[in-house]
Amino acid sequence: MIVKRKKPQFLSYLEDTSNIKGKAKILFIPESQKELVNLLKKASAEDMPITFSGGGTGTTGGRVPQEGAVVSLERLNRVISINPDKKEVTAQAGITLKDLEESLSKFNLTLRVSPTEPLAFLGGVVATSASGPRSFKYSSIRNYVKAIKVVLSSGEILVIERGKIFANKRNFDFQIKKKRFKFNLPSYTSPQIKSSAGYFVKDDMDLIDLFIGHEGTLGCILEATISVQNLPLDYFDCLVFFDSDKDALDFIDEIKKIKECNSFYPCAIEFFDRNSLDFVREDYSLLPSANCAVYLEQEIELPEQQDRILDYWCSLIERHNSSIDKCWFAEDYKNREKLHQFRHWLPQKINEFLRQYRQEKVATDIAVPDEKSRDMYYFYEEKARQSGVDYVIFGHIGQNHLHFNFLPKTHEESFRAKGYMLEFIEKALSFGGTVSAEHGIGKIKKPHLEIMYGKKHLEEMARLKEVFDKSCILGLDNIFSKKLLLKHR
Ligand SMILES: Cc1cc2nc3c(=O)[nH]c(=O)nc-3n(C[C@H](O)[C@H](O)[C@H](O)COP(=O)(O)OP(=O)(O)OC[C@H]3O[C@@H](n4cnc5c(N)ncnc54)[C@H](O)[C@@H]3O)c2cc1C
């Protein structure tokens, strides 16, 4: 086990891309399952709070500790097995998505869904139920997690396979290795849209779904088995520029009408408003002037589809008043990588900007039902203009899930921006939306979750945590305040 006791040796583990700063006494980097198990047993006995750390690419302060110790999974980073026949991979939690994809590509396989950030760890992705650009077609990682191995704070190991243990309505009663678990699930209803807000619960649910998106509060994800798919023959990727928001939104609405079984069904539909384009313009001097842009990605399975797909998209693009000449098409691997880099660069540049001005992230991860997508977008625009603070709006519009990011340069601007965040949340909830569609709640979105579900339901989440984390030491202050835990009252 690698242990770092001096703060300067582990400063980078005290933050993530939310830019909030944390405190911890010590960093542990276990190098085997046994070391991790013993460490958690000792931490429980000594009542030492533990925060698990993945790649640190989270945006909500989930891995940022407030006390106690950080446990980084970075050395538990092996691919355990790849089964091309079953199309599944089992890997340790500390592997980066980049390394995982590299290993999979040797078998002509790929993950269906992954966040834009390739340095995220598999464990972090499962712990936040992350999704990403291809979520229009594939939704979140939740749908592809077939099994997980979790270490509880007691040191017990649970191997949970999908399809084996189910709730009876809201009640779980099962045994693992002679140990009985009997508890009630919280009584709220998780939204029927893409959501990563608090514990996932529903009647008759599979136990594994409780541990996907638990944000390090129930146990440590040590391994995960993920269903993967063959790499497609090719992709069609393009960035379409529009002079009016209305044309872009009409274009998107028409795409959403395409049936999933149709060969033109895209996997990604992403949006960039004018401010987003202007924000990265100095890095992309060839960006045309436009009011907004839509990024599309579609998988191509057969060579004969290639021309048909190009014709289809060209005619749809022109019908919605954009020009083919202005579009950026990626005809080959190199250009596709350039488009992916463009997509990745915007959130990265926002994080750099906030770091430069020493400001915390003030951004939404809201998703709303289909019929409210446009209203939410116009509401963002109206309020952002009133605020007088710089902003960008971009993201997964295919699932009505735009990231609104304020770009405050001063504490006064940040304070003002935070006031508007509450208005966004109230509006989204009135539309039947969620406060977090993919990043999770972490530390910074707790007040938003309380608005969404109310204190009673947060208390129910706390009771649920106590079932698995008996010593109440894991991921404290993630999702809900530690003050709701009986032990910490
Ligand atoms: C440029 C950029 C683009 C991004 N794009 C997307 C996107 O498109 N879609 C998306 O969903 N997200 C996106 N994100 C957010 C981020 O990549 C995801 O939330 C990712 O899942 C975090 O993984 P991580 O390993 O970095 O986790 P960390 O930030 O290290 O941790 C996240 C949470 O998971 C917990 N955790 C980590 N490992 C474990 C474990 N083994 N067991 C239990 N708990 C654990 C931590 O305690 C913490 O609460 C983006 C981030 C950046 C910087």
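Computed from a predicted model, the values in this text were never measured in an experiment.

A. Local environment of the overall build of the chain. If you tally the helices and strands in the chain, you get 13 helices and 19 strands. The globule rule puts the C-alpha radius of gyration for 489 residues at 23 Å, and the 22 Å found for the chain is close to it. Viewed in the frame of its principal axes, the chain has a C-alpha envelope of about 65 × 55 × 45 Å. Every one of the 489 residues in the chain was classed for burial, and the buried ones make up 61%.

B. Geometry of the site of the ligand. Close to the ligand lie 40 residues, the nearest being Phe52, Gly54, Gly55, Thr57 and Thr116. The contact in question runs from an oxygen atom of the ligand to an N or O atom on the backbone of phenylalanine 52, over 2.6 Å. Of all elements in the fold, only strand 3 (50-53), helix 3 (122-128), strand 12 (220-227) and helix 9 (333-356) reach the threshold of two or more residues within the shell around the ligand. It is helix 3 that provides the largest number of residues to the shell around the ligand, a total of five residues.

C. Region of interest: the sheet that holds strand 6 (residues 88-92). Strand order in the open sheet made by the five strands is 5-6-12-8-9, with antiparallel pairing throughout. Taken across any chain shown, the strands that pair with only one partner, and hence form the sheet edges, are strand 5 (79-83) and strand 9 (157-161). Within the sheet, the average angular offset between the axes of one strand and its neighbour, ignoring direction, is 10°. Pairing between strand 6 and strand 12: five bridges, direction antiparallel. Across the sheet, the residue bridging to alanine 91 is alanine 224, located in strand 12. Contacting strand 8 (145-151), strand 9 and strand 12, helix 1 (residues 33-46) crosses the sheet at an angle of about 135° to strand 12.

D. Focus on the sheet that holds strand 19 (residues 401-406). Strand order in the open sheet formed by six strands is 17-14-16-15-18-19, with antiparallel pairing between adjacent strands. Where the open sheet ends on each side, the last strands, each with one partner, are strand 17 (328-330) and strand 19. Neighbour to neighbour, the strand axes of the sheet diverge by 15° on average, direction disregarded. Bridge count between strand 15 (residues 268-273) and strand 16 (residues 292-300): six bridges; the pairing is antiparallel.

E. Quick peek at the pairing of strand 3. Neither face of strand 3 is left uncovered, since the one carrying Ile50 and Phe52 and the one carrying Thr51 and Ser53 both have all their residues buried. Relative to strand 4 (residues 69-72), strand 3 runs parallel, the two being bridged by four bridges. Paired with threonine 51 across the two strands is valine 70, which belongs to strand 4.

F. Region of the structure containing the packing of aromatic side chains. Summed over all chains, the structure comprises 33 aromatic pairs. Judged by centre distance (3.9 Å) and plane angle (0°), the ring pair of phenylalanine 264 and tyrosine 312 falls under stacked. Linking phenylalanine 264 in the loop between helix 6 (245-256) and strand 15 with tyrosine 312 in helix 8 (residues 305-319), this pair joins segments that are 48 residues apart in sequence. Residue class for tyrosine 312 comes out partly exposed when judged on its relative accessible area of 24%. Three or more aromatic residues link up through ring pairs in this structure, and these residues are Phe379, Tyr380, Tyr391, Phe404, Phe406, Tyr420 and Phe424. Looking at lysine 349, its charged tip hangs above the ring of phenylalanine 279, at a distance of 5.4 Å from the centre.

G. Up close: the domain arrangement of the chain. Partitioning the chain into structural domains gives domain 1 (79-229) and domain 2 (232-356). Taking only C-alpha atoms into account, the centre of domain 1 sits 30 Å from that of domain 2. On the domain 2 side, the residues contacting the ten residues of domain 1 number 14 residues. Both faces combined, the contact of domain 1 with domain 2 buries some 1,100 Å², and carbon together with sulfur accounts for 55% of it. Considering only the surface of domain 1 that becomes buried against domain 2, Arg134, Phe136 and Lys137 emerge as the three largest contributors, covering 57% of it. Taken together, the links from domain 1 to domain 2 amount to two salt bridges.

H. Region of the structure containing the nonpolar core. Counting residues in each nonpolar core, the largest one holds 115 residues, and the members touching the most others are Leu210 and Phe468. Contacts of phenylalanine 468, omitting those with residues within four sequence positions, involve Leu152, Ser153, Leu158, Phe174, Phe181, Phe183, Leu207, Leu210, Phe211 and Leu218.

I. The arrangement of the state of the cysteines in detail. Tallied over the entire structure, the rule returns zero disulfides. No disulfide involves cysteine 220; its sulfur sits 17 Å from the nearest other cysteine sulfur, which is in cysteine 472. With no disulfide partner, cysteine 267 has as its closest neighbouring cysteine sulfur the one in cysteine 238, 12 Å distant. Overall, the relative accessible area of 0% leaves cysteine 267 in the buried class.

J. Expanded view of the packing of helix 12 (residues 446-453) against helix 13 (residues 455-468). Orientation of helix 12 relative to helix 13, taken along the N-to-C sense of each, is 115°, at an axis distance of 7 Å. By the angle between their directions, the pair helix 12 and helix 13 is classed as roughly perpendicular. Taking contact as the criterion, the partners of Leu449, Glu450 and Tyr453 in helix 12 are, on helix 13, Lys455, His457, Leu458 and Met461.

Definitions and cut-offs
Residues numbered from 1 in each chain as written. Predicted model: local features only at pLDDT ≥ 70, side-chain atom pairs only at ≥ 80, totals over all residues. Heavy atoms only, no water. Helix = DSSP H or I, 4+ residues; strand = E, 2+ residues; numbered from the N terminus. Rg over C-alpha atoms; globule rule 2.2 N^0.38 Å. Buried < 20%, exposed > 50% of the residue type's maximum accessible area, 1.4 Å probe, protein only. Near = heavy atom within 4 Å. Polar contact = N/O pair within 3.5 Å; in protein donor to acceptor, adjacent residues only side chain to side chain. Pairing = 2+ DSSP bridges. Axes fitted to C-alpha atoms, helices over the stretch in contact; angles between N-to-C directions. Contact = heavy atoms within 4.5 Å. Phe/Tyr/Trp six-rings, centres within 6.5 Å; stacked < 30°, edge-to-face > 60°. Lys NZ or Arg CZ within 6 Å of the ring centre and 35° of its normal. Domains from an automatic or database assignment. Buried area = accessible area lost by both parts, 1.4 Å probe. Salt bridge = Lys/Arg side-chain N within 4 Å of Asp/Glu carboxyl O. Core = buried A, V, L, I, M, F, W, Y, C linked by side-chain atoms within 4.5 Å. Disulfide = S-S within 2.5 Å. Parallel < 35°, antiparallel > 145°, perpendicular 65-115°, else oblique.

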